[in-house]
Amino acid sequence: GGAFAHKASVTVMATANEGYTFAGWSENGNLASTNASYTFNASANRTLLANFTLKQYTISLSANPVAGGTVSGGGTSSHGQSVTVVATANEGYTFVGWSENGDTVSNNPSYTLSATADHTLVANFTLNRYDVSLSANPTAGGTVSGAGTFNHGQSVPIVADPNGSYGFAGWSENGSVVSLNAIYTFTVSSARNLVANFVQTPVAVNDA
């Protein structure tokens, strides 16, 4: 700006600050130019207004795998705005971290960032795995099979096989009977420690 002779060429320049975008020169409410560098010939007094808009960014969220959980807090945010995104694991899954472009950005389910650019964030979950431990009571009573580590929701069959003069009396856990079947199938949703109980069968003695 300044004072110029009639018909002089005048160039005005608008420079946006960080987080803003130049939106145009206006005069008396009317758009005069969309160029940040605006040149005209002076023919009258002019009062020009450089208009700027605060940048808007998109915060996109997704879950990996989709069945692992839900995400919230994404959307459109203004430059410098504090944004909190939240990941909530579904049953049988555990949250392991937020990532962007393959790099981990936070290990917290609730992650707060300042919006200064578009972001594409992925909430990563892992399927829970559980140990199923088996034992025999008494040890001499028989053998057990089917122990191992299994995914949440997996069907697990375990088998109790009595020895010699023993009979199977039931599967128990923490002192409570859970099944009377020697072959017991269940859907795993937590770590389990199962005991196959055996009882010795009385031997008939014939009197001579």
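Residues numbered from 1 in each chain as written. Predicted model: local features only at pLDDT ≥ 70, side-chain atom pairs only at ≥ 80, totals over all residues. Heavy atoms only, no water.

**A short note on the overall build of the chain**
Selection criterion: Helix and strand definitions here come from DSSP, where helices need a minimum of 4 consecutive H or I residues and strands a minimum of 2 consecutive E residues; each element is numbered from the N-terminal end. Three labels apply to residues, based on accessible area from a 1.4 Å probe with only protein chains included: buried if under 20% of the type maximum, exposed if over 50%, partly exposed otherwise in between. By the convention used here, residues are in contact when the closest approach between their heavy atoms is within 4.5 Å. For the area figures, the Shrake-Rupley method with a 1.4 Å probe applies, and any residue is considered shielded solely by the protein chains shown. Just so you know, the count uses Lys and Arg for positive and Asp and Glu for negative, and it drops His and the chain ends. The atoms used to mark charge sites are NZ of Lys, CZ of Arg, CG of Asp and CD of Glu.
Across its full length, the chain holds zero helices and 21 strands. With respect to the three principal axes, the spread of C-alpha positions in the chain is 140 × 25 × 20 Å. Here the chain holds 208 residues, and the buried ones make up 30% of them. Taking the contacts inside the chain whose residues are at least 6 apart along the sequence as the reference set, 56% of them involve residues at least 24 apart. About 12,300 Å² of surface is accessible on the chain, with carbon and sulfur atoms providing 48% of the total. Here the chain contributes 5 positively and 10 negatively charged side chains, and the mean placements of these two sets differ by 27 Å.

**Structural notes on the sheet that holds strand β17 (residues 155-162)**
This is how the line gets drawn: DSSP-based pairing: two strands are paired if at least 2 bridges between them are found. Fitted lines through C-alpha atoms give the axes, limited to the stretch in contact for helices. The angle between two N-to-C directions lies from 0 to 180 degrees.
Here three strands make up an open sheet; going across it, the order is β15-β17-β20 and the pairing antiparallel. At either margin of the open sheet sits one strand with a lone partner, and together these are β15 (142-145) and β20 (183-187). When the angles between neighbouring strand axes are averaged without regard to direction, this sheet yields 15°. Bridge count for β17 against β20 is five bridges, and the pairing is antiparallel. Opposite S155, over in β20, you have T187 as the bridge partner.

**Here's the deal with the layout of surface pockets**
Selection criterion: The rule is simple: put a 1 Å grid over the protein atoms alone, call a set of points where a 1.4 Å probe fits but cannot get out a cavity, call an open set with protein on both sides within 12 Å along at least five of seven lines a pocket, and count a residue as lining if it has an atom within 4 Å of a point. Grid points are joined across faces, edges and corners, and a volume is the space filled by probe spheres set on the points. Each residue gets one of three labels, nonpolar for Ala, Val, Leu, Ile, Met, Phe, Trp, Tyr, Cys and Pro, charged for Asp, Glu, Lys and Arg, and polar for the others, Gly among them.
Taken as a whole, the largest pocket spans an internal volume of roughly 260 Å³. Surrounding the largest pocket, 15 residues form its lining, G2, F4, A44, N45 and R46 being those nearest its centre. Here the residues of the lining of the largest pocket are counted per class, giving nine nonpolar, five polar and one charged.

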